[in-house]
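Commentary on secondary and tertiary structure
What follows is each chain in one-letter form.
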Amino acid sequence: MERTFVMIKPDGVQRGLVGTIIARLEARGLKLVAARFEVLTEKRFTEQYREHLEKPFFLSLKQFIMGGPVFLMVLEGRDVVPLVRKMVGATNPQEAAPGTIRGDFGIDTGRNVIHASDSAESAQREIAIHFTAKELCSYTRVDESVIYEY
Ligand code: UDP
Ligand code: MG
């Protein structure tokens, strides 16, 4: 089983989409292993988005992401990293397919509702930025035997 990091951005929180988004992820069969609601510190924001440090949108992204509370999650499931990226949809919501979170709830790239790790390596790195090992809960969901074939 693989783990991924997901963050509902301040626009998703402000728009009351936290419950809707968690419901989609849970209903897919993914297991919630950690969660926290908070405003990101500058240090953790910068670590999270370090690959974009030199990008022209970095400052506006920082003001936006640190401008309000976000909902952080770690999810577990088979091939969960690519699976959640598919559920999230393209970075630009205009190009995100209907049925994806960005395709159903977003319009602008700078207000695209949700973040999800883009690779297993990013997931490991991002989980460690936001959560300690103790905060990650290992347990079995009672429906796992009917969600997975083997
Ligand atoms: N972003 C932006 N303007 C851009 C490109 C990206 O504001 O032109 C923001 C947007 O919130 C995006 C985040 O920066 O989700 C990270 O960009 P990335 O290319 O990694 O997209 P993602 O992995 O989130 O799909
Ligand atoms: Mg990215």
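Residue numbers restart at each chain and count upward from 1, following the sequence in its written direction. Key to labels: chains lettered from A, ligands numbered from 1, both in the order written. In keeping with the predicted nature of the model, local features appear solely for residues at pLDDT of at least 70, side-chain atom pairs appear and are counted solely at 80 or more, and the whole-chain, interface and lining totals rest on all residues. Note that the side-chain values use all heavy atoms of the structure and ignore hydrogens as well as water.

Under the scheme applied here, a residue whose accessible area is under 20% of the maximum for its type counts as buried, over 50% as exposed, and between as partly exposed, the area being computed with a 1.4 Å probe on protein chains only. The secondary structure listing takes helices from DSSP runs of H or I that are at least 4 residues long and strands from runs of E that are at least 2 residues long, numbered from the N terminus. Residues of helix 5 (residues 80-88) that are buried include every one of V80, V81, L83, V84, M87 and V88, and no others. An end-on view of helix 5 places all buried positions within 165 degrees of arc, on one side of the element. In this fold, the buried residues of helix 5 make contact with strand 1 (2-8), helix 2 (18-28), strand 3 (70-77), helix 6 (101-105), strand 4 (114-116) and helix 7 (120-130). Immediately downstream of helix 5, the backbone of G89 shows phi near 90 degrees, a positive value. Note: the arc covers the axis-to-C-beta directions of the helix. By the convention used here, residues are in contact when the closest approach between their heavy atoms is within 4.5 Å.

Take K9: it is sitting in the loop between strand 1 and helix 1 (10-14). Discounting chain neighbours no more than four positions away, the residues touching K9 are Y49, F64, I65, V70, R102, N112, V113, I114 and H115.

A word on the site of ligand 1. We call a residue near a molecule or strand as soon as one heavy atom of that residue lies within 4 Å of the molecule or strand. Close to ligand 1 lie K9, Y49, H52, F57, L61, R85, T91, R102, T109, G110 and N112. Between H52 and ligand 1, the recorded distance is 2.9 Å, taken from a side-chain N or O atom to an oxygen atom. Think of a polar contact as two N or O atoms within 3.5 Å of one another; within protein, one of them needs to be a possible hydrogen donor and the other a possible acceptor, and neighboring residues in sequence only count if both atoms come from side chains. Here an oxygen atom of ligand 1 sits 2.9 Å away from a polar atom, N or O, in the side chain of N112. Every accessible area reported is derived by Shrake-Rupley at a probe size of 1.4 Å, with residue values counting cover from the shown protein chains alone. For ligand 1, the accessible surface in isolation is 500 Å², of which the surrounding protein chains cover 76%. At a threshold of 2 Å from the grid points, most atoms of ligand 1 map onto the largest pocket. Broken down by class, the residue content of the shell around ligand 1 amounts to three nonpolar, five polar and three charged. Lining residues are those with an atom within 4 Å of a point, where the points come from a 1 Å grid over the protein atoms alone and group into cavities, where a 1.4 Å probe fits but cannot get out, or pockets, open sets with protein on both sides within 12 Å along at least five of seven lines. Criterion for pocket placement: a molecule counts as inside a cavity or pocket if more than half of its atoms are within 2 Å of its grid points. Note on residue categories: nonpolar means Ala, Val, Leu, Ile, Met, Phe, Trp, Tyr, Cys or Pro, charged means Asp, Glu, Lys or Arg, and polar means any other residue, Gly included.

Glancing now at the packing of helix 2 against helix 5. Here helix 2 crosses helix 5 at 135 degrees, and the two axes come no closer than 12 Å. Taken together, the axes of helix 2 and helix 5 lie oblique to each other. Read as a crossing pair, helix 2 and helix 5 show a hand that is right-handed. Along the contact surface, helix 2 presents R24, L25 and R28, while helix 5 presents L83, V84 and M87. Here the contact of helix 2 with helix 5 is built from residues that sort into four nonpolar, no polar and two charged. In this description, a line fitted to the C-alpha atoms serves as the axis of each element, helices being fitted only across the stretch in contact, and the angle between N-to-C directions of two axes falls anywhere from 0 to 180 degrees. If an angle is under 35 degrees, it is roughly parallel; if it is over 145, roughly antiparallel; if it lies from 65 to 115, roughly perpendicular; otherwise it is oblique. Helix crossings get a hand from a simple test, with the near helix turned counterclockwise from the far one by less than a right angle marking a left-handed crossing and a clockwise turn marking a right-handed one.

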